[in-house]
Number of protein chains: 2
Amino acid sequence: MSLDTTAHTATSPHPAWLPPTTLARLGDLTTTLDIPPHLADHPVITTLRSEITHAAHNATTTEHPGRASATTTTSRTLTLRLTPPTGATNQPASTQFLGDPHDDAYTLTTTPDTITVTGRTPNALLYGYFALLRHDLTTLPPTSKHTPATAIRMLDHWDNLSVHPVMGQIERGYAGDSIFYTNGAVRENLTRVADYARLLASLGINHVAINNVNVERDAARLLTDNINDVARIAAIFRNWGIRTHLSVSFGSPMSLGGLTSNDPLDPQVRQWWADTFTAVYSVIPDFGGIVIKADSEGQPGPFAYGRTHADGANMLAEALAPHHGIVHWRAFVYNHTQDWRDRTTDRARAAYEHFAPHDGTFADNAIVQIKFGPMDFQAREPISPTFAAMPHTNLSLEFQVTQEYTGQQRHICYLGTQWSEIMRFTFWPTSNPHTTLADIPVSFTAVSNVGMSAYWTGHPLAQANLYAYGRLTWDPTADPGDILTEWLTLTFPHTPAATRTTLHHIMASSWDTYEKYTAPLGVGFMVSPGAAHYGPHIDGYEYSPWGTYHFADRDGVGVDRTRTGTRFVDQYPPELADQYNNLDTCPDELVLFFHHVPYTHVLHSGKTVIQHIYDTHFEGVDKVLDYQRTWDNLRDTIPTAVFEEVSTRLTEQVRCAHEWRDQMCTYFFRKSGIPDTHGRTIY
Amino acid sequence: MSLDTTAHTATSPHPAWLPPTTLARLGDLTTTLDIPPHLADHPVITTLRSEITHAAHNATTTEHPGRASATTTTSRTLTLRLTPPTGATNQPASTQFLGDPHDDAYTLTTTPDTITVTGRTPNALLYGYFALLRHDLTTLPPTSKHTPATAIRMLDHWDNLSVHPVMGQIERGYAGDSIFYTNGAVRENLTRVADYARLLASLGINHVAINNVNVERDAARLLTDNINDVARIAAIFRNWGIRTHLSVSFGSPMSLGGLTSNDPLDPQVRQWWADTFTAVYSVIPDFGGIVIKADSEGQPGPFAYGRTHADGANMLAEALAPHHGIVHWRAFVYNHTQDWRDRTTDRARAAYEHFAPHDGTFADNAIVQIKFGPMDFQAREPISPTFAAMPHTNLSLEFQVTQEYTGQQRHICYLGTQWSEIMRFTFWPTSNPHTTLADIPVSFTAVSNVGMSAYWTGHPLAQANLYAYGRLTWDPTADPGDILTEWLTLTFPHTPAATRTTLHHIMASSWDTYEKYTAPLGVGFMVSPGAAHYGPHIDGYEYSPWGTYHFADRDGVGVDRTRTGTRFVDQYPPELADQYNNLDTCPDELVLFFHHVPYTHVLHSGKTVIQHIYDTHFEGVDKVLDYQRTWDNLRDTIPTAVFEEVSTRLTEQVRCAHEWRDQMCTYFFRKSGIPDTHGRTIY
C-alpha cells in the first residue's frame, strides 16, 4: 500500500489539490500554446507556459497513478488556443465594470488524438488548462463549453496587519497567521501568496480583497502611504489572473486625509477619494476596487451625515468609475447595541430595511454585498429576503469559507453541501421555480479560511471548503458530492479508492452532523459570545445587545418572526412569506427561526421539539464518534502527517460535540422538565 | 458655603483622607519628639519629624475648620516619646518571624495642657501621631492604649509589570495603571508610591506585597536580576515602617535558575531558594518575605512532584528563616477544570480538603492565607470553614479591597460593613461565642484597590474601602459606621456636616443595596465570565469548568451542600454544620449557598424565594436611584471634580443595576413561570 508522497514537510506547505503527481497527468500530453503574438507575453500566458513546463517535468520524474495508461497516449496532443474577439462586440455596458462571464469561458474539444482548449482571454485558457485535471481525459465529450455563473468570483480576507488584541491577526481566522502581513506590514517573503494565487486560479477565482473590513489604522494606510506594498501583492495575483481589492474605512478622508468631514456629498471628500484612487491606479492599473463595511458594528459610515448607504456607495463608485474599479458595499448593517428587552427590533429585518428601499439607486459599479442569511453565517438560517427585493441593484452573495460558526476548522464540516442548497434556493417555488438564488448576484464573495498553516486551512479537510467555494461560484448547479469526489481525487491521488469513498461518506454528511449537535431547528447562535464563537453557550447572547436571542422559557423556545411577531416573514415574496408564516408549512429545520413554539409542538417529522433536540444531539455525537472510529481505520492509507493532524482535531470535535449535546440537553431539560423518552443521561 | 480647597488637580493626586487642612489640626500643637539618641535617625523617626514640620507649616498657612478653637489651645503640647524595651523580654519565639502587636501599640495620655504619645518602636509613635487626626483632642480620655489585633497588617498588589493581554496591567484593577510599574519595569518616578506609603502608614498597614500572585516571567525576575529595582520601592516603604514582599513563582528554580526540577525536597532546589533569598536580603535587609499561589489556576506547585502544600511552604520558609522572612502561602487552591456535569465535586470544599489535613505541619514562619469565604470574594458567602480547622497553623485572613465582584469601583459599595460582619463571625455561637473569626489569624491581607487614578481608587468613594480595611485590621471590633464617619470627616473637612451625614447614609447601606440587585441569597457568581466579572450573566458560569454553579431549573435553584448533597456543611464545627444543614435554621441570606430549594420555598422573611428575588431586585434599583437623586442634591457642597466623577459613576451604577434587575427577574420568571405578585414589568 503506497503512501501519498506529496505530504507536506515542515519546510513546505501542503500542496492541497495540486500535488505534483496530479499535475503530472497533464505532463503526459504534448502541449502547444497557440497565442496571438500581441498576447504572448501577457502575465497569465507566461504563468500558463510555466505550468506546462512544470507538468512535463513532473510527468518525467514523478510516479503517478494512471501513468502507464497515460504513457500509451503520449501521442495525444493538447492545444491551448487563445482567440480574442475581433472588431465590435455586443457586450452590455455594465461589463466595463463587472466583467463578462464569457471572457472566462473555455471550450474543450477532443478527438482521440487531440485535446483543444479555446478561450478568448488568457484567464479562460488558464481555467481550461486546470480544468483538465478534474476530468478523465479518455471520456471527454467531443466538445463542451464551460462558462462561469458570474464574472466576479471573489475571496475576502479578514487579515489584520498586526495581531489585534481581541481578534488576533486574522479576524475569525483559524489557520494561523496572515499570508500577507506580519508585524504590521506586508511580508517581505510572499511565496505563500503566490502558491495561494495558483490554488485560487485553478478554481477560477479572479478577485481577492486582502484586508479586514474592520479596518484598523495601519490597514487603512494600505490605500495611501503603503500602496506600493499592496502593489507587490497585486503583481503576484496578476500573474494568476486575479485582481486585488482593498477593504477601506469610510472614515479615511478624516483619518488619513486630514479633512474635517467624511460626508459623501461634500465635494472635498469626493475629491479626496478621487485623488486617492487616481494614485492607487497609477501604481496598480488593474486594481479591482474596494470592499467596505460602513455604519456596521462600530465602523464609520454615511449615517453620521444623514446620508444613505446609496449616497456612500455612489460616492466611492464615482471615484472608482474612471478606473473601472468597483465597490463591494456590505449590507451587514444592523443595530448591535440593541436592548434585549425590546422584542420589536429584529436583527433579521435589518439588511432589508436598510437597503431594499434604495433599490435602483446604486451606481453601475457598486455592488451590494449580502450575507446568504439574514443573521450571520449560522449553520442553518433562511436565505436573506434582501436578494429578492433589489432587482435593479448589483448584488453579491456572500459566504463564509472560514468556519466561524461551523466548527472553526477544528470540526469536520464540509460546507459545499450547505452552499449548494443555498444557491439552489428559489424565492418563487411555484411562480418561478427555476430562478434560483445563484441567478441573482453579479458576484460571489466569501471570507477565506487560509493562513500560514502548513495545511493552509488548519484542518487538512477544510481545504475542501475552499475548493468547493471556488467550484460552486463557477457552477452553482454542480453537485456538492461530485465536487467532493473531485477534491478527494486531486488531493489524495495515491490513496486507495475505498479510503476516498470513506472520506466522502464522512465529509458529505458532516454539515448535517454539525447542525445536529449544535443550535437546533434554525434558532442559531447559542455559542460562546465575543471573540470566541466556539462551543456552546446557550444563554451566551440571550441578554446581550447583539440581537441574537432564542427566548427559551419553561414552556417553549424560538423567535416569533411571523405576522403576530416581528413580521420579518413579510420581507419575503408572498408565496414564501405565507409558507414561513404558517407553522403547518414552515420547514422543520427553520421552525425556531420563524416561530416560538411549545416544547411539545410536533414537527413534521412526528417528533416533539424537545424530543427532536434530545435525539439530534445524541445522534450528532454518535455520528462524530463514528467519524472518529472510521478515521482511525484509515491510518495506513492516509499520509501520516495528515492522519495525525486530523486525528487530533477529531478528538477535539468529539469533546466539543459532547459538550454541545450535554449543555443543550441539560439546559432544555432544566427548562422544560420533559424527560427524554429514551431515558438517556441528561445532567 | 465653602468648597473643599483640597480637591486634587490634574497634576496632583487626590489627598484622600490626609488633606492639608486635616493635618493642620496637629500643627496647632507645640510638638516635641522624645527619642533615644540611638534611634534619632531611624527612617521612621525621620519621617515623623518631617510630618510634624509639615503639619506646623499647614497650621500657619491653611484655613481649616476648628482653627479658631485650636488657636485657643495652641499652648497645649504634644510629646511623642519612644520607650524601647530594655533588657530581656518575654516575647514568645514566634515573634521573631511574625512580629508582636505590642510593638505597634501606642498609648495616649492627656492632661488639659498636654498630649503624650508613647510607644516602644518608631512605628508605634507614627501610628499614634496619625491616630490623633481621628480624635477630638478636647475629649481624649486621660489615658488609652491602642494595640492592633495582629502584628501583620498587609496589602497585596496584583500589579503586572506589563499590560497583560487579558487582565490588563493590574489584575482585577479598576483604578488605572500600576503605581509601581510601567512598560515592564519599575517606574523611575515613584512619587505615588511614597504618597501611598504615607496613606497606608496613617492606617497602621505595615506590610505590602508589590506584584501579582499570577507571576509572569518579567515579574518573576524581580526576585533575582531586578532586585535592585525592588530595593528602590522597599526604601520608600521603609520610611513609613512598611516591609516589602514579593509574589514569587514556585517554578522559579527551573524558569530562573535553570534547574531541572522545582521539587521542594530536592536539595538543589532548596539551595537555589536559600541562595536567592541570601542575595535578596543583602540588598533589602528588612525584606518581608513572599506571597505564593501554587497549584492554583494554572500556577506551578508541589503537586507535580507528589509533594504537599506544606512541603512547598516549608521549603520556602526554611530558606527565609535565617533572614526572619515569612511565607504567605495562599489556600486558594481548587480544581478550575472541573466538569460541570460532576455534581460530586464542590469547589467550596477545596481549601479545607487541601489544607486542613496538614494542620500543624507548617513552619513557624509560614502563614496559610485563606480567603474569607470558600468561593471567591462574593458579595455574600459563608465564612471559610478552614479557619476553624487549622488551630496549629499560622493563618492569614484575606479580603479583597479591589471590588472585583462588588461593582469594580464603578458602583458605590462600602465594604467595611461586610468585613466587620465577617470579622465578628464566630464558628461556635453557643460554645465559644466570644471567639470571633478576627481572633484566629496572625495576619490580615487584602488585595489593594489602588492605581494611578487621580483618586487613587477610580471611584472617589472607594477610598473608604482602603481606609476601612486598614482600620479594621488594627481593630476588628471597630464599628464600620464609625469608621465611615472618621473617613468622611477626614476626607471632606470643609463639607457641611449634613452632607457627610447624607454620604454616610448612602455608603453605609451600599453593600446591602449591591447584594439586593445582584446574585440572590448567597448563590453567588452569575456574573460575566472570564476577565470581566462585571455585570450580570446568570448562566455565565453555569456550564463552565470553574465550579461556580447555581443549578437553576424550572422548579428551583441553589446548591445542595448539605448532608444529602456535597456535605460541605460538615467542614464546619458541628453546631454550625447543623445550623446550615437544616433549611429551618439556615440564615436566609445563605439559603441558596447551602440548599437547592423550590422557587416557592418560604424564607424566614415570610416571602417565597422567587418573590424575594423579584422584590430585592426592584428594591436594589430603587435604592440606587435614590442614591443618585440624593447625590444630585449635594452638588453645591461637594468639590466639583469629585461630584462630577461620582455622578458619572452613579449613572453607570444605575444602568448596571437595572441590567441586573431585568436579567435576573426575566431569567427566573422564564424558568419558574411564577409572576411577580406586584405585577411589575418583567421582560
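In the annotation of an unreviewed UniProt entry, chain A is listed under the name Alpha-glucuronidase and assigned to Jonesia denitrificans.

## Focus: the overall build of chain A
Helix and strand counts for chain A come out as 22 helices and 19 strands. The C-alpha atoms of chain A give 25 Å as radius of gyration, which agrees with the globular expectation for 683 residues (26 Å, within 12%). Projected onto its principal axes, the C-alpha coordinates of chain A cover approximately 75 × 70 × 55 Å. For chain A, with 683 residues in total, the buried portion stands at 62%. Partitioning the contacts of chain A with sequence separation of at least 6, the portion at a separation of at least 24 is 73%. Here chain A has roughly 23600 Å² of accessible surface; of this, 53% comes from carbon and sulfur atoms. Averaging the coordinates of the 47 positive side-chain charges in chain A and doing the same for the 70 negative ones gives two points 2 Å apart.

## What to know about the state of the cysteines
Going through the model one piece at a time under the given rule, you end up with zero disulfides over all chains. Cys-656 of chain A takes part in no disulfide bond, and the closest cysteine sulfur, belonging to Cys-413 of chain A, lies 12 Å away. Left unpaired, Cys-665 of chain B is separated from the closest cysteine sulfur, that of Cys-656 of chain B, by 14 Å. For Cys-665 of chain B, a relative accessible area of 1% corresponds to the buried category.

## Digging into the layout of surface pockets
A water-sized probe, rolled over the atoms, reveals where empty space remains. Residues and elements named next belong to chain B. In this structure, the second largest pocket spans a volume of roughly 750 Å³. For the second largest pocket, the lining is made up of 28 residues, of which Asp-103, Asp-104, Asn-123, Gly-241 and Arg-243 are closest to its centre. Listing elements by their share of the lining of the second largest pocket, those giving two or more residues are helix 2 (43-61), helix 4 (95-98), helix 5 (101-104) and helix 6 (122-131). A per-element tally of the lining of the second largest pocket places helix 4 first, with four residues. Both domain 1 (20-146) and domain 2 (152-490) contribute no fewer than three residues apiece to the lining of the second largest pocket.

## Looking at the interface of chain B and chain A
The partner chain A presents 24 residues to the 24 residues of chain B that form the contact. Of the roughly 2300 Å² buried at the junction of chain B and chain A (both faces included), carbon and sulfur atoms supply 48%. Joining chain B to chain A, the criterion identifies six salt bridges. The partner of Arg-341 of chain B in a salt bridge is Glu-659 of chain A, and the shortest N-O contact between them spans 3.0 Å.

## A word on the sheet that holds strand 6 (residues 152-156) of chain A
All names here are of chain A. Reading around the circumference, 6-11-12-13-14-15-16-17 is the order of the eight strands in this closed barrel, with parallel pairing throughout. Going across the sheet, the axis of each strand differs from the next one's by a mean of 25°, ignoring polarity. Here four bridges tie strand 14 (residues 326-330) to strand 15 (residues 366-371), and the two strands are oriented parallel to one another. Following the sheet pairing, Arg-330 is matched in strand 15 by Gln-369.

## Here's the deal with the pairing of strand 17 (residues 443-447) of chain A
All names here are of chain A. In terms of burial, strand 17 is largely enclosed, as five of its five residues are buried. Residues Ser-443, Thr-445 and Val-447 line one face of strand 17 and the alternating positions Phe-444 and Ala-446 line the opposite face, and both faces are buried. Sheet topology note: the strand 6/strand 17 ladder contains three bridges and is parallel. Looking at strand 17, one finds that Ile-152 is bridged to Ser-443. Here strand 16 (residues 395-400) runs beside strand 17; their pairing, made up of five bridges, is parallel. Bridge assignment links Phe-399 to a residue of strand 17, and that residue is Ala-446. Between the parallel pair strand 16 and strand 17, the chain is carried across by helix 14 (residues 416-423), and the sense of this crossover is right-handed.

## A word on the pattern of salt bridges
In total, this model carries 74 salt bridges over all chains according to the counting rule given. Of the charged contacts in the structure, one is a salt bridge between Asp-676 of chain A and Arg-680 of chain A, with a shortest N-O distance of 2.9 Å. With relative accessibility at 9%, the residue Asp-676 of chain A sits in the buried group. On the accessibility criterion, Arg-680 of chain A (26% relative accessible area) is partly exposed. The salt bridge partner of Arg-270 of chain B is Glu-318 of chain B, with a shortest N-O separation of 3.1 Å. Separated by 48 residues along the polypeptide, Arg-270 of chain B in helix 11 (residues 267-283) and Glu-318 of chain B in helix 12 (residues 309-320) bring together distant segments of the chain.

About the thresholds
Residues numbered from 1 in each chain as written. Chains lettered and ligands numbered in written order. Predicted model: local features only at pLDDT ≥ 70, side-chain atom pairs only at ≥ 80, totals over all residues. Heavy atoms only, no water. Helix = DSSP H or I, 4+ residues; strand = E, 2+ residues; numbered from the N terminus. Rg over C-alpha atoms; globule rule 2.2 N^0.38 Å. Buried < 20%, exposed > 50% of the residue type's maximum accessible area, 1.4 Å probe, protein only. Contact = heavy atoms within 4.5 Å. Areas by Shrake-Rupley, 256 points an atom, 1.4 Å probe, with all protein chains shown as cover. Lys, Arg positive; Asp, Glu negative; His and termini not counted. Charge placed at Lys NZ, Arg CZ, Asp CG, Glu CD. Disulfide = S-S within 2.5 Å. 1 Å grid on protein atoms, 1.4 Å probe; cavity = no way out; pocket = protein on both sides within 12 Å on 5 of 7 lines; lining within 4 Å. Points joined across faces, edges and corners; volume = space filled by probe spheres on them. Domains from an automatic or database assignment. Buried area = accessible area lost by both parts, 1.4 Å probe. Salt bridge = Lys/Arg side-chain N within 4 Å of Asp/Glu carboxyl O. Pairing = 2+ DSSP bridges. Axes fitted to C-alpha atoms, helices over the stretch in contact; angles between N-to-C directions. Right-handed = clockwise from strand over helix to strand, strands pointing away.

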